[in-house]
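# Notes for the structure review
Each chain, written out:
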Amino acid sequence: MASVSLTNVPFLLVISLSIFISSIIVGSANNFYKDFDINWGDYRGKILNHGELLTLSLDNISGSGFQSKEEYLFGKIDMQLKLVSGNSAGTVTAYYLSSAGPTRDEIDFEFLGNLSGQPYIVHTNVYTQGKGEREQQFYLWFDPTTDFHTYSVHWNPLTIVFSVDNIPIRVFKNLESIGVAFPKHQPMKLYSSIWNADEWATRGGLVKIDWTYAPFIASYRGFSASACSLASGKHFCSSSKPNYSPWLSEKLDLMGEKRLKWVQKNYMVYNYCTDTERFPRGFPPECKAIS
Ligand SMILES: *[C@@H]1O[C@H](CO)[C@@H](O)[C@H](O)[C@H]1NC(C)=O
Ligand SMILES: *[C@@H]1O[C@H](CO)[C@@H](O)[C@H](O)[C@H]1NC(C)=O
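Residues numbered from 1 in each chain as written. Chains lettered and ligands numbered in written order. Predicted model: local features only at pLDDT ≥ 70, side-chain atom pairs only at ≥ 80, totals over all residues.

The name given to the protein chain in an unreviewed UniProt entry is Xyloglucan endotransglucosylase/hydrolase, with Cinchona calisaya as the source organism. Heading Sequence similarities (unreviewed entry) of the UniProt record for the protein chain holds this comment: "Belongs to the glycosyl hydrolase 16 family. XTH group 1 subfamily." Under Function (unreviewed entry), UniProt gives the following word-for-word description of the protein chain: "Catalyzes xyloglucan endohydrolysis (XEH) and/or endotransglycosylation (XET). Cleaves and religates xyloglucan polymers, an essential constituent of the primary cell wall, and thereby participates in cell wall construction of growing tissues." (UniProt positions renumbered as here; feature names shortened; annotations may be inferred.)

Pasting the structure below:
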């Protein structure tokens, strides 16, 4: 597989230079006050325990959400989430990176709730230059409502890897060589929100929210980002070893490929790349290159 040479990607040079003049640590201390703003839902979004915990809630009036103060251009971003427990049918907890504007890039996790004891669906999508329609959905191999689990996006110039508890569930490779746009120019903020999606979320919209169970609450902790952030027009990278950011050129290793196959074989619910009804005239070009 072709690798990206530094000379082809001028800003990487900026990154490597700025590593020596800056070691901004993004989110390393996990303080939600420092790294995020509650941007929707008033008191329904709460930062607790001196900034270590954040909760979002949804009731019959409104949902709620937060967004990062930083904008990232590539990063290794991890967050622990505990999803709405009990009857969460019709609720969606979205957790995603997104740039602004009509040609936005977006890297999405959405957690579709369900009736008590029925499985959540993890819905994923990738938008490049405003174009999405790349959904893949998965069940989880654990109950995501009883404890915190880590949901990660590792995004570098070569690839985007979605992982759950360090197990890769989806990979979106840089396939610019075959004409597929890849997010690499537009910085993104990290967002999360909980909202009413009972028009479509649970069993395709068949199961509505039961408001007697409100408020519906999702919890967050353990945010960490080794990321390149955009500060005053320049890109800065941070990591625990400031002179060395291996994640910037990391791809899935053999163990990762194996685990990805395991998830896709046993837990994948939907894959746009096999949906012939939706793409009667042929699948998008990246589908040929997806394992
Ligand atoms: C919303 O829920 C509250 C508390 O359960 C209830 O008192 C109120 O009537 C509900 N409002 C609407 C618009 O359904
Ligand atoms: C909810 O449970 C039903 C029944 O087990 C299942 O078919 C569905 O995929 C589950 N998840 C969602 C989000 O609908």
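Our next topic: the site of ligand 2. Residues in contact with ligand 2, as listed here, are Leu112, Asn114, Gln118, Pro119, Ile121, Ala201, Thr202 and Arg203. Across the shell around ligand 2, the residue classes break down as four nonpolar, three polar and one charged. (Near = placed C-beta within 6 Å. Nonpolar A, V, L, I, M, F, W, Y, C, P; charged D, E, K, R; others polar.)

The subject of this paragraph is unusual backbone geometry. Backbone torsion omega between Ala214 and Pro215 reads 0°, so that peptide bond is classified as cis. Position of Pro215 among the secondary structure elements: in the loop between β13 (189–196) and β14 (216–231). Despite not being glycine, Gln129 has its phi angle at roughly 50°, a positive value. With respect to the secondary-structure elements, Gln129 resides in the loop between β8 (121–127) and β9 (136–138). According to the C-beta neighbour criterion, Gln129 is partly exposed, with 14 such atoms within 10 Å. Its identity is not glycine, yet Asp165 carries a phi of approximately 50°, on the positive side. One can find Asp165 in the loop between β11 (159–164) and β12 (167–173). (Helix = DSSP H or I, 4+ residues; strand = E, 2+ residues; numbered from the N terminus. Buried ≥ 20, exposed ≤ 12 C-beta atoms within 10 Å, placed from the backbone.)

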